[in-house]
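# Secondary and tertiary structure notes
So you can see what is in the structure, the chains are spelled out below.
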Amino acid sequence: MIVAEQKKLDEIIRMIAPYERVLILGCGTCMTVCGAGGEHEVSYLHNALRLAQAKGSNGTHTISEYTLKRQCDTEFLDMLAGRINDVDAVLSLACGIGVQAISERFRQLPVLPGVNTSFMGMPNEWGIWDERCAACGDCRLAETGGICPITRCTKGILNGPCAGTKNGKCEASKDMDCAWVLIYQRLENLRQLDSMRRYYPPRNFRVIPRPRRIVTKATVAGGNNG
Amino acid sequence: MYSSATERAQSQLETRPKKSLSDHSFMPPCQVACPLHMDIREYVDLTAQGKIMEALQVIRNGNPFPSICAHVCTHPCEDACRRGQVDAPVAIRALKRFAVEFGGDRMIRPEADTTHDEKVAIVGSGPAGLACAYYLRKLGYPVTIFEAHSELGGMLRVGIPQYRLPREVLDTEIHRLTNMGVEIRTNARVVSIDLLLEMGYKAVFLTIGAHQGLKMGIEGEDSPGVIDGATFLREVNLGLKPSLGEKVAVVGGGNVAIDAARTAVRLGVEQVKVLYRRSRAEMPANEEEVKQANEEGIEIMFLAAPTRIRRRNGHLIVTCIRMELGEPDAKGRRQPVPIQDSEFDEELDALIMAIGQAPQAPGNFGVRLGKGSTIQVDPVTFTTNRVGVFAGGDAVTGPATVVEALSAGRRAASRINDYLNHRYPLPEKEAGDSLSGDLHPETIEAIRKVGRFEWLTTAPEARAKDFGPIELVYDWEAAINEARRCLRCGVGAEILSQDKCATCLTCLRVCPYHVPHLDASGSIQIPVDQCQACGVCVVECPAKVIALRKPHDRRHIDQELDHILQTAAQSNAKPLIIGFCCQYGLFGTGTLAGLWRGAKGGISIVPVLCTAKVEADHMLRAFEVGAEGVFIAGCGEQCARENTDFWVRQRIAKVRRTLEQLHLEPERLQCFTTTATSNGDIGQRLEEFAERIGTLHLASIIMQEVRK
């Protein structure tokens, strides 16, 4: 799932300064799960902005709030059609995808990001989120015992561990597990240590063409469904 | 026919309370078990907040004579209470007693107007008759009670000993009935129903009770010195002082047997023994009464029954036989079987037979009788075989409890109302869902164990001397602490829309009681029968899709904040400090109320039902409406719930981060808790806080001036 954190309040205040009527738009999927932009956070941000206004921050705004089930689909955004006429800007608490979806759908409407989209990850425990996938487009988890060295090794090396590992921790931080030690232990459990003995040639990330696109539908003559 | 008054009365009559649209709560086990279906959870909760008058109001809505129930109810609610699965059931009856004593019950004067012409006669003035009279009078009918004895009350007066139900209590309730306009005819034994109907009564309610003592059918049962329990209690209660001698035995294991034995002790009998043919486990008498009887020196001989009574030299020689328990009968009670050649003799001065009672309806009443001479009625309409003649109470059920009789009286009033209005009886209102099932072991483990707070009783040596009341009432602190033990079954959290739920599992992770779980299809479920209604998941849910089944907290807090804003604008008190204070526990007793009055500056209090329900949003709003400082005051370790303090501090940390970004000092937001040992320094800390806020306020004014 996509994990993000809400931007600092003063940055948000600066962003919305030029706009009088602002709609805070939450997203009901990943941003709700990671606690950065669900209905709860929309309401909290609304209250915080009103407080800022009451304490004399520059600019007065009329703030409204709404939460869509998902902002990264045009069909959900269509549900906004009635609301955007009354606003000067949308402050989207969706990930970067949602923000861009809004700017594509409503060409005249300024849209502002309320969160910093951070990574793809999972909760470690309540209130703690860890990155797990870098979306590199060439998954090697089969060879590394289901533990991703690209994300979880600070250096992202494919042939580890490096000399910086100590007592199973990374030299970059004492609190961080060395991904390659985890991989070793896991492969040992799986009796697949021989895959450690192979050499993986470095990968050329430059050849990944951006933006990437995946086409799942076949090209069929005469079809017009989508 | 319908005036607004009768409609109002009708709505009061409904056996189960109405629900508002947004109320999705389930009926808790205590309410289901109560024959009157009283809203126990509600009044216990109000008591926990120290709102005794409101609690009494709820009690009075569900019970015509709460002071009587507060003394003598057999409290089936407590047997059903799920707190019993954790440690011990909530002492519901004692809490009702507390509410009645402290809530000003004596001041209440119900009134009724006559809005109907049809007169109703009630034969017998026991609890069923009195309750029926009360509700019929509330509906606007002219009601007459006919009582054979010189005083009203039926078994309440002639059956229940005074030490359990002081007569003033009964007299007060009866006085209320007379004030409401119920006509009372004492010393008026009804001999003919036909006569009543000729006198113009359109309906008759027979509640003649079950006063006839049953006989064992053993040799010598009619000897002098052998008396049946009901007659014995009646004589004593009507002021006679039968002389029993020095050694007395009571046969039976019910409440009447225990009452008779304890009454005998109070008459000065030196040695009182109870003979019961089964063992302690099968004994139908109230456990507490048995315990108190033991304390008063009454010996209970189990597995023994008399077989023959002879009279010799002015004494009774009672031959008894030992029993053993055999196979369970149809009701599941193990049957006593005599042991061969185990007879033994007891020399006694008197023997009281309290093995059961039956109603005694005169033959010329013309009503059909059923098993054990009980009057046969339709269980729904309460009608007998005679037109316009209804019956209820012990006369129909055989000896039962006061609360069952009150319930019968209330339902009969409703049915008589239907009959007199020529309409089919309205079906019993079902209140939707009721809660059942046991708590899961992991939930029980997570619930803080707090034993029952005992109320005081007079010492056995002192109380056994006379008929003075033996049970004292809770003091405030004990009552409030006891009420806080309620698990609030059936008002827990619910997911308002599975569609909006992002299944983020926050509720599952934050619940202190391990209640939410994923079902087989991957949706989150919060089982209503397990939820403890602490409110943590409601506040933490990122999708705001969880609510308590009885939602009032959030709206209530918003309203209070608006109210504070208005009053603060008028008073001009600066700097304004807003405190969210828990209404349960010590705060409910007004301990804190006394403290904040002394604090400097304008401190406004938003009462909350547990600080776990205060959202970060509320704290921001408090600052927005103009507070210079905000504090949360909760019970800390004394909180009946787990982890409340942790969640309050999480939210405070979040709001403080926001305050910092807005260049407001984070110390403007504080959290005060009392510990289990002391709450003494809270006043001082509040004082210091107010002082600090004052300084900050002054500093900010100076800064503004400087900027200008």
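The following paragraphs examine the structure supplied in this document. (Residues numbered from 1 in each chain as written. Chains lettered and ligands numbered in written order. Predicted model: local features only at pLDDT ≥ 70, side-chain atom pairs only at ≥ 80, totals over all residues.)

## Some remarks on the overall build of chain B
- Scanning chain B from N- to C-terminus turns up 27 helices and 24 strands.
- In terms of principal-axis extent, the alpha carbons of chain B reach across some 110 × 60 × 55 Å.
- Residue burial in chain B is summarised as follows: out of 708 residues, 49% are buried.
- Counted over contacts in chain B with a minimum sequence separation of 6, partners at least 24 positions apart contribute 75%. (Helix = DSSP H or I, 4+ residues; strand = E, 2+ residues; numbered from the N terminus. Buried ≥ 20, exposed ≤ 12 C-beta atoms within 10 Å, placed from the backbone. Contact = placed C-beta atoms within 7 Å.)

## Side note on the nonpolar core
- In terms of nonpolar packing, the biggest core is built from 252 residues, with B:V204, B:F205, B:L206, B:A261 and B:L351 touching the most fellow members.
- Those residues in contact with B:V204, other than ones at most four positions away along the chain, are B:A121, B:V123, B:I193, B:L196, B:G388, B:V389 and B:F390. (Core = buried A, V, L, I, M, F, W, Y, C linked by C-beta atoms within 7 Å.)

## Re the sheet that holds strand 6 (residues 226–228) of chain B
All names here are of chain B.
- With respect to topology, five strands assemble into an open sheet ordered 6-14-7-8-9, the strand pairing being parallel. Only two strands of the sheet have a single partner each, and these edge strands are strand 6 and strand 9 (299–301). Each strand of the sheet is rotated relative to its neighbour by a mean of 25°, with strand direction disregarded.
- The pairing of strand 6 with strand 14 (residues 350–353) spans three bridges and is parallel. Residue pairing for strand 14: D228 is matched across the bridge by M353.
- Sheet strands in contact with helix 12 (residues 229–237) are strand 6, strand 7 (247–251) and strand 14, and its direction is about 85° off that of strand 6.
- Each of strand 7, strand 8 (271–275) and strand 14 touches helix 13 (residues 255–266); the most contacted strand, strand 8, lies at about 170° to it. (Pairing = 2+ DSSP bridges. Axes fitted to C-alpha atoms, helices over the stretch in contact; angles between N-to-C directions.)

## Observations regarding the environment of B:D418
Residues and elements named next belong to chain B.
- Within the secondary structure, D418 sits in helix 16 (residues 402–420).
- With 14 C-beta atoms packed within 10 Å, D418 lands in the partly exposed category.
- A C-alpha to C-alpha distance of 50 Å links D418 and K273, two positions 145 residues apart in sequence.

## Digging into the interface of chain B and chain A
- On the chain A side, the residues contacting the 19 residues of chain B number 22 residues.
- Sorting the residues of the side of chain B that touches chain A by element identifies helix 20 (506–510), helix 25 (616–624) and helix 26 (644–661) of chain B as the ones contributing at least two each.
- A per-element tally of the side of chain B that touches chain A places helix 25 of chain B first, with six residues.
- Here the residues of the side of chain B that touches chain A sort into eleven nonpolar, two polar and six charged. (Nonpolar A, V, L, I, M, F, W, Y, C, P; charged D, E, K, R; others polar.)

## Structural notes on helix 12 of chain B
Residue and element names in this part refer to chain B.
- Among all positions of helix 12, only G229, A230, F232, L233, V236 and N237 are buried. In an axial view of helix 12, the angular spread of the buried residues amounts to 165°, which keeps them on one side of the axis.
- Where helix 12 terminates, the next one or two residues include G239, which has phi positive at roughly 105°. (Arc of directions from axis to C-beta.)

## Focus on the sheet that holds strand 2 (residues 21–27) of chain A
All names here are of chain A.
- Ordered in space as 3-2-4-5, the four strands form an open sheet in which the pairing is parallel. Across the chains shown, the open sheet's two edge strands, defined by having one partner strand only, are strand 3 (62–68) and strand 5 (111–113). The average angle at which neighbouring strand axes cross in this sheet is 25°, direction not considered.
- With three bridges connecting them, strand 4 (residues 89–92) and strand 5 associate as parallel partners. Within the sheet, the bridge partner assigned to L91 lies in strand 5 and is L112.

## Digging into helix 25 of chain B
- Helix 25 of chain B sits mainly inside the fold: eight of its nine residues count as buried.
- Along helix 25 of chain B, the residues classified as buried are B:A616, B:D617, B:H618, B:M619, B:L620, B:R621, B:A622 and B:F623.

## Quick look at the packing of helix 25 of chain B against helix 26 of chain B
Residues and elements named next belong to chain B.
- Interhelical geometry of helix 25 versus helix 26 gives an angle of 40° and a closest axis separation of 9 Å. When the axes of helix 25 and helix 26 are compared, the pair comes out oblique. With respect to the hand of their crossing, helix 25 and helix 26 are arranged in right-handed fashion. For the pair helix 25 and helix 26, contact is made by A616, M619 and L620 and by R651, K654, V655 and T658, respectively.
- Tallied by class, residues from the contact of helix 25 with helix 26 come to four nonpolar, one polar and two charged. (Parallel < 35°, antiparallel > 145°, perpendicular 65-115°, else oblique. Left-handed = near helix turned anticlockwise from the far one by under 90°.)

## Quick notes on the packing of helix 8 (residues 127–138) of chain B against helix 16 of chain B
Residue and element names in this part refer to chain B.
- In contact at an axis separation of 7 Å, helix 8 and helix 16 are set at 40° when each is read in the N-to-C sense. Relative to helix 16, the crossing made by helix 8 is right-handed. Here P127, A128, G129, L130, A131, C132, Y135 and L136 of helix 8 lie close against helix 16, whose contacting residues are V402, A405, L406, A408, G409, R410, A412, A413 and I416.
- In terms of residue class, the contact of helix 8 with helix 16 is made up of 14 nonpolar, two polar and one charged.

Scope: geometric values only; no functional claims are made or implied.
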